Amino acid sequence: MAALLEVKDLQVSVADREILHGLTLTVNQGEVHAIMGPNGSGKSTLSHVIAGKPGYEVTGGQILFKGEDLLEMEPNERAAKGVFLAFQYPVEIPGVATMNFLRTALNAQRKARGEDELSTPDFLKRVREVSASLGIPQEMLKRGVNVGFSGGEKKRNEVLQMALFQPSLCILDEMDSGLDIDALRIASEGVNALRSPERAMVVITHYQRLLDYIVPDYVHVMSKGKVVKSGGKELALELEANGYAQYQEAAA
Ligand SMILES: Nc1ncnc2c1ncn2[C@@H]1O[C@H](COP(=O)(O)OP(=O)(O)OP(=O)(O)O)[C@@H](O)[C@H]1O
Ligand SMILES: [Mg+2]
């Protein structure tokens, strides 16, 4: 299996405070990795740095994506190369209708890859199919991006983007938080439909429950800015039973 994402000894600071202290993680094509770990251990920070969110200073290490230096790329270049992050806290974009946002983002990515823009009918057909499968009403797509969306609606909108953009690396940061029981199942089915030998997923979650739906190949525990333990899917069950105490000592 070819390595899709290689994070090597990554050190990251925010506001002069080091948050990631030498984090190493390799994700191969076709794999699903779950990242768990206590609040504040740096899971979202890692996802933001991979996606290229501003405000983080990389002070050491590297990130390769398909063998290329990801940290040298602008956030939009990363998206065009196939990096996608479903945010823990999706941002509201008032004044930009969701439908227009989806179309602009999708076509910008296609253009950057040297592909033709999708025609309006083709685009509308795809959005209708995907949103219907995720239980997102068409009316919602006319509203500003995430503006006034409920917590669960925002999460569904993230999965909608992912299903449309068909990224090669999908990072889901607490996709399960705020989703009702049915929405969790539907969103998970949307994610599972994207599983393929070419694609990989990194699923950040606090709860084993999500991993019943999206069954990971590997589970990693982060504590204090590092991966302190890696294992198979049984590691999530062990965490649910025993908590993080032993790993927090290991990281200290
Ligand atoms: N802009 C910032 N300024 C100061 N500290 C920050 C900033 N962003 C993140 N941090 C700190 O970095 C640490 C890691 O935060 P991060 O959001 O990555 O944790 P997390 O593992 O995603 O936690 P959770 O499970 O609660 O989502 C926290 O202590 C947080 O307060
Ligand atoms: Mg987080």
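This one's a predicted model, so the numbers in the text were calculated from it and none came from an experiment.

Participant: Got a minute to help me understand the packing of helix H3 (residues 98-112) against helix H4 (residues 120-133) in this structure?
Facilitator: Pairs of packed helices are described in terms of their axes, by the angle between the two and the distance that separates them. Close contact between H3 and H4 brings their axes to 11 Å; oriented N to C, the two are set at 115°. Between H3 and H4 the crossing geometry is right-handed. In this structure, H3 uses Met99, Leu102, Arg103, Leu106 and Arg110 to contact H4, whose residues at the interface are Thr120, Phe123, Leu124, Arg126 and Val127.

Participant: Could you clarify how one ought to interpret the site of ligand 1 in this entry?
Facilitator: Ligand 1 sits among 14 residues. The nearest are Gly40, Lys43, Ser44, Thr45 and His206. One of the side-chain N or O atoms of Lys43 is found 2.7 Å from an oxygen atom in ligand 1. In the complex, 65% of the free accessible area of ligand 1, which totals 640 Å², lies under the protein chains. Looking at the shell around ligand 1, the elements that each hand over two or more residues are strand S2 (17-28) and helix H1 (43-51). It is H1 that provides the largest number of residues to the shell around ligand 1, a total of three residues. In terms of residue class, the shell around ligand 1 is built from three nonpolar, eight polar and three charged.

What counts, and at which threshold
Here, residues in each chain are numbered from 1, in the same order as that chain's written sequence. Each chain takes a letter, starting from A, and each ligand takes a number, starting from 1, following the order in which they are written. Two thresholds apply to this predicted model, a pLDDT of at least 70 for residue-level local features and 80 or more for giving and counting side-chain atom pairs, whereas whole-chain, interface and lining totals are computed over all residues. Hydrogens are left out, water is left out, and the side-chain values use all remaining heavy atoms of the structure. Think of each axis as a best-fit line through the C-alpha atoms, taken over the contacting stretch in the case of a helix, with angles from 0 to 180 degrees between the N-to-C directions. Strands are runs of DSSP state E lasting at least 2 residues, helices are runs of H or I lasting at least 4, and numbering of each runs from the N terminus. Should the near helix be turned anticlockwise from the far one by less than a right angle, the crossing is termed left-handed; should it be turned clockwise, right-handed. What makes two residues a contact is simply this: any of their non-hydrogen atoms within 4.5 Å. Neighbouring residues are identified by heavy atoms, a residue being near a molecule or strand if any of them is within 4 Å of it. In protein, a polar contact means a hydrogen-donor-capable atom and an acceptor-capable atom, both N or O and within 3.5 Å, with residues adjacent in sequence counting only if both atoms are side-chain atoms; elsewhere, any N or O pair within 3.5 Å suffices. Methods summary: accessible areas were calculated by the Shrake-Rupley approach with a probe of 1.4 Å, and residue burial reflects only the protein chains presented. Note on residue categories: nonpolar means Ala, Val, Leu, Ile, Met, Phe, Trp, Tyr, Cys or Pro, charged means Asp, Glu, Lys or Arg, and polar means any other residue, Gly included.

Function cannot be inferred from these measures alone, as they are strictly geometric.
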